[in-house]
Amino acid sequence: DSGVTQTPKHLITATGQRVTLRCSPRSGDLSVYWYQQSLDQGLQFLIQYYNGEERAKGNILERFSAQQFPDLHSELNLSSLELGDSALYFCASSSGGAGTDTQYFGPGTRLTVL
Amino acid sequence: GQNIDQPTEMTATEGAIVQINCTYQTSGFNGLFWYQQHAGEAPTFLSYNVLDGLEEKGRFSSFLSRSKGYSYLLLKELQMKDSASYLCAVNGLTGGGNKLTFGTGTQLKVEL
């Protein structure tokens, strides 16, 4: 158990809908990261927040957005969902925001878009 | 851009030693990480290298050569539970931030 929690564990929804995934980092960690893992793409970095501010950005679609709240939990919002958005979404956290910090992953949210 | 290559699959025998290679090309380098991932589960941290050389941690060791853009993960005394995907990841950002680029993973199968 990494100490990172994610809810929900599973999510099934329809195309065109909007969902919110939630993540709580390990106690004391200031950075939160979001990743998408699909069978054909591997683990893809989406975005990093550090102490409430966006720190690094990957290939995150415009339909996706994220934020980190004052209590350091984070939410990833996915809208206008498409079949191809079906994937495992992982949240990770680290103590700081630097490139040398180890990221610890949560158990993931499995999103299925029908 | 960044490119990370690792073998897709490997098979080894219980009790043996296996070496999983990773080569990378990045515009910047802030360190290389190895993670283990069982199917449907979260990646778990194994090792981190930022300087050239070997880092040893129990049955697992990781080596880095920055000049060659090369790393390997060495697993000794293989156990059945080591059957998993092993992910090589590089942080290529040089100006703040922590963005890991992952390889597609090496699926290791440990057999009796």
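Going by the structure above, here's the rest.
Every value quoted in this text rests on a predicted model; they were computed, and no experiment measured them.

Caption draft 1: Representation of the pattern of salt bridges. Here the structure, examined in full by the defined rule, presents seven salt bridges over all chains. Note that Arg59(B) and Asp82(B) form a salt bridge whose closest N and O atoms lie 2.8 Å from each other. Taken together, the positions of Arg59(B) in the loop between strand E6 (53–57) and strand E7 (60–65) and Asp82(B) in the loop between strand E8 (70–75) and strand E9 (84–91) put the pair 23 residues apart, joining distant regions of the chain. Since its relative accessible area comes to 17%, Arg59(B) is described here as buried. Where salt bridges share partners, they join Arg63(A), Glu82(A) and Asp85(A) into one cluster.

Caption draft 2: Quick peek at unusual backbone geometry. Residues and elements named next belong to chain A. Cis geometry marks the peptide bond from Thr7 to Pro8; its omega dihedral reads -10°. Tracing the sequence through the fold places Pro8 in the loop between strand E1 (5–7) and strand E2 (10–13). One non-glycine residue with positive phi stands out, namely Leu72, at about 80°. Residue placement: Leu72 occurs in the loop between strand E7 (64–68) and strand E8 (74–78). On the accessibility criterion, Leu72 (17% relative accessible area) is buried. Phi at Ser80 takes a positive value of approximately 45°, unusual for a residue other than glycine. Examined against the element boundaries, Ser80 turns out to sit in the loop between E8 and strand E9 (87–94).

Caption draft 3: Spatial organisation of the state of the cysteines. Within this structure, the stated rule accounts for two disulfides over all chains. The residue that forms a disulfide with Cys23(A) is Cys91(A), at a sulfur-sulfur distance of 1.8 Å. On the sign convention where negative means left-handed, the S-S torsion of about -50° between Cys23(A) and Cys91(A) marks this disulfide as left-handed. A residue pair is termed long-range when its members are at least 10 positions apart, and Cys23(A) in strand E3 (residues 19–24) and Cys91(A) in strand E9 qualify at 68 residues. Accessibility classification places Cys23(A) together with Cys91(A) in one group, the buried group. At a sulfur-sulfur separation of 2.0 Å, the disulfide partner of Cys22(B) is Cys88(B). An S-S torsion of about -65° defines the bridge between Cys22(B) and Cys88(B) as left-handed. Of the two residues, Cys22(B) is situated in strand E3 (residues 18–25) and Cys88(B) in strand E9; the sequence distance between them amounts to 66 residues. Given the relative accessible area of 0%, Cys88(B) is considered buried.

The rules behind these values
Starting from 1, residues in each chain are numbered consecutively following that chain's sequence as written. Chain labels run from A onward and ligand labels from 1 onward, assigned in the order the entries are written. pLDDT decides what is reported in this predicted model: residues at 70 or higher carry local features, side-chain atom pairs at 80 or more are listed and counted, and totals for whole chains, interfaces and linings draw on all residues regardless. Side-chain metrics in this entry use all non-hydrogen atoms of the structure; hydrogen atoms and water are not considered. A pairing counts as a salt bridge when a side-chain nitrogen of Lys or Arg comes within 4 Å of a carboxyl oxygen of Asp or Glu. Each helix corresponds to a stretch of at least 4 residues labelled H or I by DSSP, and each strand to a stretch of at least 2 residues labelled E; elements are numbered beginning at the N terminus. Working definition: with a 1.4 Å probe on protein chains only, accessible area under 20% of the residue-type maximum means buried, over 50% means exposed, and in between means partly exposed. Cysteine sulfurs are considered disulfide-paired once they come within 2.5 Å of each other.

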